[in-house]
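One-letter residues, chain by chain:
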Amino acid sequence: MIRDALLVKLSFWLIVIGAFALLTPQPAWPEWLARMILSTGVALGITTVIVKFRESRKKR
């Protein structure tokens with residue numbers, strides 16, 4: 001339960017940081033790094049939701 005909350009927070013902040021890095025006019029990071037951070041956050045969020053869903057179905 002705590003692990004899931006931590007993963008959701010981590011994926012949220014990865015998405016926020018990646019989106020902010022892509023939207024700034026003169027980013028300090030290269031574009032490929034910002035895209036990688038953004039896609040990692042999205043993938044982590046989707047994976048967390050899928051694992052949580054499978055665990056809840058297994059309990060039934």
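Residues numbered from 1 in each chain as written. Predicted model: local features only at pLDDT ≥ 70, side-chain atom pairs only at ≥ 80, totals over all residues. Heavy atoms only, no water.

Participant: I would appreciate a short explanation of the overall build of the protein chain in the present structure.
Facilitator: If you tally the helices and strands in the protein chain, you get two helices and zero strands. Relative to a compact globule of 60 residues, whose C-alpha radius of gyration would be 10 Å, the protein chain shows 14 Å and is clearly more extended. Taken along the three principal axes of its C-alpha coordinates, the protein chain extends 50 × 15 × 10 Å. Residues counted as buried form 15% of the 60 residues belonging to the protein chain. In the protein chain, the proportion of contacts linking residues at least 24 apart, taken out of those at least 6 apart, comes to 53%. Here the protein chain displays about 5,100 Å² of accessible surface, and carbon together with sulfur accounts for 72% of that area. (Helix = DSSP H or I, 4+ residues; strand = E, 2+ residues; numbered from the N terminus. Rg over C-alpha atoms; globule rule 2.2 N^0.38 Å. Buried < 20%, exposed > 50% of the residue type's maximum accessible area, 1.4 Å probe, protein only. Contact = heavy atoms within 4.5 Å. Areas by Shrake-Rupley, 256 points an atom, 1.4 Å probe, with all protein chains shown as cover.)

Participant: Explanation requested: the packing of aromatic side chains in the structure shown.
Facilitator: Given two aromatic rings, their pairing is described by the distance between the two centres and the angle made by the two planes. This structure, assessed with the given rule, holds one aromatic pair. Centre to centre, the rings of F12 and W13 are 5.1 Å apart; their planes meet at 75°, and the pair counts as edge-to-face. (Phe/Tyr/Trp six-rings, centres within 6.5 Å; stacked < 30°, edge-to-face > 60°.)

Participant: Sorry, what's going on with helix 2 (residues 31-59) here?
Facilitator: Because each turn of an α-helix spans 3.6 residues, side chains separated by three or four positions in sequence point in the same direction. The end-to-end C-alpha distance of helix 2 is 42 Å, a good match for the 42 Å that 29 residues give at a rise of 1.5 Å each. Buried residues belonging to helix 2 abut helix 1 (2-23). (Expected span 1.5 Å × (residues − 1).)

Participant: Would you explain the side chain of T48 in this entry?
Facilitator: Among the structural elements, T48 can be located in helix 2. Its relative accessible area of 8% is what places T48 among the buried residues. If near-sequence neighbours (up to four positions away) are discounted, T48 is found in contact with D4, L7 and V8.

Participant: Honestly, the pattern of salt bridges in this entry has me stumped. Any pointers?
Facilitator: Side chains bearing opposite charge may pair, as long as their charged atoms lie close to each other. Evaluation of the coordinates by the stated rule reveals four salt bridges. Of the charged contacts, one joins R3 and D4 as a salt bridge, the two residues approaching to 3.9 Å between their closest N and O atoms. The exposure class of D4 is buried, given its relative accessible area of 11%. One salt bridge connects K52 with D4, and the closest N-O pair in it is separated by 3.3 Å. Of this pair, K52 sits in helix 2 while D4 sits in helix 1, and the two are 48 residues apart along the sequence. With a relative accessible area of 40%, K52 lands in the partly exposed category. The network of salt bridges with shared partners includes R3, D4, K52 and E55. (Salt bridge = Lys/Arg side-chain N within 4 Å of Asp/Glu carboxyl O.)

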